[in-house]
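# Close look at the chain arrangement
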Amino acid sequence: MTAITICCGALAIVVAAVPLRRYRAQLIDQGRFTSHLIMLTLVSTWLVLGMLALMLCWGFMLQLLGVFEDIQTSLYFAMISFTTVGYGDVIPPANWRILAGFISVDGFLLFGLNTAFVFEILRRMRGDQSAHHVGE
């Protein structure tokens with residue numbers, strides 16, 4: 001499941017990079033604050049929706065495996081683990097506890113990938129011409 005979600009998260013970044021390549025000139029134009037704001041908002045929203053989909057996948061997997069009795073608890077546990085918040089108010093049965101670590105590592109890696117991608121976009125918006133183009 002971790003490999004699948006990391007591939008899906010990377011795919012979401014690749015999909016987000018497509019319009020960025022298309023509007024490369026506007027990205028590096030320093031005088032386009034509104035365009036930059038819209039671009040960052042759209043990209044961030046896309047990435048957040050992608051992360052939500054991955055958390056839902058983990059939740060449905062937990063439910064399918066019978067780790068928790070109801071879907072609400074499965075989704076809640078997946079989201080809390082994926083975001084590495086880990087309140088500890090919901091604990092899986094002993095034979096499933098190690099899965100929480102995998103969910104957390106998965107979320108940690110995907111949040112890192114998304115953060116790196118957004119920072120690369122911001123760097124391009126500042127006009128740093130020395131790097132490769134976003135998405136290439």
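Summarised in this report is the structure supplied together with it.

Helices and strands together make up the secondary structure of the protein, namely 5 helices and 0 strands. Mapped from its N terminus to its C terminus, the protein presents α and β elements in the order α-α-α-α-α. Put simply, the protein shows about 8100 Å² of open surface, and 70% of that area lies on carbon and sulfur atoms.

Summed over all chains, the structure comprises 2 aromatic pairs. Plain terms: the ring middles of Phe-68 and Phe-77 are 5.1 Å apart, the flat faces sit at 50° to each other, and that makes the pair tilted. Between Phe-82 and Phe-111, the aromatic rings sit 6.0 Å apart at their centres with planes inclined by 55°, giving tilted as the arrangement. With a gap of 29 residues between them, Phe-82 in helix H4 (residues 71-82) and Phe-111 in helix H5 (residues 97-125) connect regions that are remote in the sequence. Residue Phe-111 is classed as partly exposed on the basis of its relative accessible area, which comes to 35%.

We now examine the environment of Leu-99. Along the polypeptide, Leu-99 turns up in helix H5. Residue class for Leu-99 comes out buried when judged on its relative accessible area of 14%. Between the C-alpha atom of Leu-99 and that of Ser-81, which follows or precedes it by 18 residues, the distance is 9.4 Å. Excluding residues within four positions of it along the chain, Leu-99 makes contact with Trp-58, Leu-62 and Leu-65.

Let us now look at the nonpolar core. By size, the foremost hydrophobic cluster in this structure holds 14 residues, and its most contacted members are Trp-58, Leu-62, Phe-77, Phe-82 and Ile-103. Sorting the residues of this core by element identifies helix H3 (33-65), H4 and H5 as the ones contributing at least two each. Counting residues in each nonpolar core, the second largest holds 11 residues, with Ala-16, Met-39, Leu-47 and Val-118 among its members.

Each value, and the rule that gives it
Residues numbered from 1 in each chain as written. Predicted model: local features only at pLDDT ≥ 70, side-chain atom pairs only at ≥ 80, totals over all residues. Heavy atoms only, no water. Helix = DSSP H or I, 4+ residues; strand = E, 2+ residues; numbered from the N terminus. Areas by Shrake-Rupley, 256 points an atom, 1.4 Å probe, with all protein chains shown as cover. Phe/Tyr/Trp six-rings, centres within 6.5 Å; stacked < 30°, edge-to-face > 60°. Buried < 20%, exposed > 50% of the residue type's maximum accessible area, 1.4 Å probe, protein only. Contact = heavy atoms within 4.5 Å. Core = buried A, V, L, I, M, F, W, Y, C linked by side-chain atoms within 4.5 Å.

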